[in-house]
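Spelled out, the chains give:
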Amino acid sequence: MPVPPTSHADDLELLRTAAVAAGIIATGFFRRDVKSWNKENASPVSEADILVDRYLAATLLQARPTYGWLSEETTDNPSRLNCERVFVVDPIDGTRGFLRGEDSWTVCLAVVENGVAVAGVVYAPMRDELYEAVRGGGARLNGQPIRRRRRPGSPPVIPAAGAVHQQLQDAGLNYTRGPYYPSLAYRLVQVATGTLDAVVSRRGSQDWDIAAATVILDECGIDIADVCCGFPRFNKRDVRHGALAALGDMSLKPLLHAALITVYGCPADEASAVSQTSTDERI
């Protein structure tokens with residue numbers, strides 16, 4: 001008799017346990033003299049990233065040997081494309097902040113099934129914040145359902161890069177320029193809590209940057225989209241995404257999407273998808 005597939009809830013439990021252990025490992029290097037260097041794309045990596053990645057690969061793949069593997073710090077193996085379920089991992093998201101001694105870095109773990117993130121954990125060890133979600137099962141922060149805080153009558157809080165900020169100013173949007181956290185995943189989940197009203201990012205984020213946060217936002221009813229082609233899909237051959245917007249206030253969508261497309265554009269082969277970003281339909 002075939003073995004039934006592991007439930008998404010069981011996968012989430014595995015991710016949660018692994019994320020906490022990985023956070024303990026990474027914390028042992030935090031605010032210490034850590035070896036670091038730049039990768040080919042000029043982004044930093046440290047010995048802590050590598051050690052955490054090795055721990056996660058050993059732990060997660062031993063528990064789920066049929067799952068594929070996609071991690072920022074592991075050479076890509078195209079065999080993942082043939083797997084129904086894939087671990088998508090960023091051992092330390094926000095390495096620059098980690099190396100500067102800032103405390104909002106995260107461990108980001110997700111399970112992707114047929115292109116959709118179905119379980120995810122974003123863990124900020126130094127802030128003692130563990131965000132988690134399973135598809136269809138809701139999202140939690142430190143074990144409690146995430147409930148978005150509201151600020152009636154207050155301008156929306158939106159962190160934005162300089163060029164996007166200029167577009168929003170030119171459009172006359174009354175908003176507060178929010179705090180910037182080096183971990184994109186951490187910025188995204190702050191839309192779920194209401195700390196931020198929207199988060200935007202330039203083109204070039206990759207699956208491991210956003211997969212875990214995406215399932216958390218989705219379970220909170222927060223719209224997140226690649227402004228060039230809609231709701232993010234994962235475990236494709238090219239794991240890069242277009243400019244992203246996560247919105248706690250849907251009235252901001254037309255203006256923010258337009259600003260991102262103006263500043264960052266869309267790949268030529270996605271031009272036909274741009275027109276679809278004016279709707280709420282997920283692709």
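Asker: Would you mind showing me how to read the side chain of R64 here?
Answerer: Locating R64 in the fold gives a position in the loop between α2 (47-63) and β3 (68-71). Within polar-contact distance, the side chain of R64 engages the side chain of D11 at 2.8 Å. Setting aside anything within four residues of it in sequence, one finds R64 in contact with T6, D10, D11, L14 and F87.

Asker: What is the right way to look at the sheet that holds strand β4 (residues 85-93) in this model?
Answerer: Either a parallel or an antiparallel arrangement is found when strands of a sheet pair, and the pairing is made through backbone hydrogen bonds. Across the sheet, which stays open at both edges, the seven strands sit in the order β3-β4-β5-β6-β7-β8-β9 with mixed pairing between neighbours. If you trace the sheet from one side to the other, it starts and ends with β3 and β9 (144-145), each paired once. Sheet analysis places strand β6 (residues 116-124) next to strand β7 (residues 129-134), joined by six bridges and oriented antiparallel. Note that in β7 the partner of G120 across the bridge is A133. Against the sheet, helix α1 (residues 8-27) contacts β4, β5 (106-113), β6 and β7, and its axis sits at roughly 30 degrees relative to β6. Most of the contacts of helix α5 (residues 184-193) go to β7, to which it runs at about 75 degrees, and overall it touches β4, β5, β6, β7 and β8 (139-141).

Asker: Mind showing me how you'd approach the sheet that holds strand β13 (residues 223-226) here?
Answerer: Strand order in the open sheet formed by three strands is β12-β14-β13, with antiparallel pairing between adjacent strands. Of all strands in the sheet, those with a lone pairing partner are β12 (198-201) and β13, marking the two edges. On average, each strand axis in the sheet is tilted by 5 degrees relative to the strand beside it, whichever way the strands run. By the bridge criterion, four bridges tie β12 to strand β14 (residues 244-247) in an arrangement that is antiparallel. Note that in β14 the partner of V200 across the bridge is A245.

About the criteria used
Residues numbered from 1 in each chain as written. Predicted model: local features only at pLDDT ≥ 70, side-chain atom pairs only at ≥ 80, totals over all residues. Heavy atoms only, no water. Helix = DSSP H or I, 4+ residues; strand = E, 2+ residues; numbered from the N terminus. Polar contact = N/O pair within 3.5 Å; in protein donor to acceptor, adjacent residues only side chain to side chain. Contact = heavy atoms within 4.5 Å. Pairing = 2+ DSSP bridges. Axes fitted to C-alpha atoms, helices over the stretch in contact; angles between N-to-C directions.

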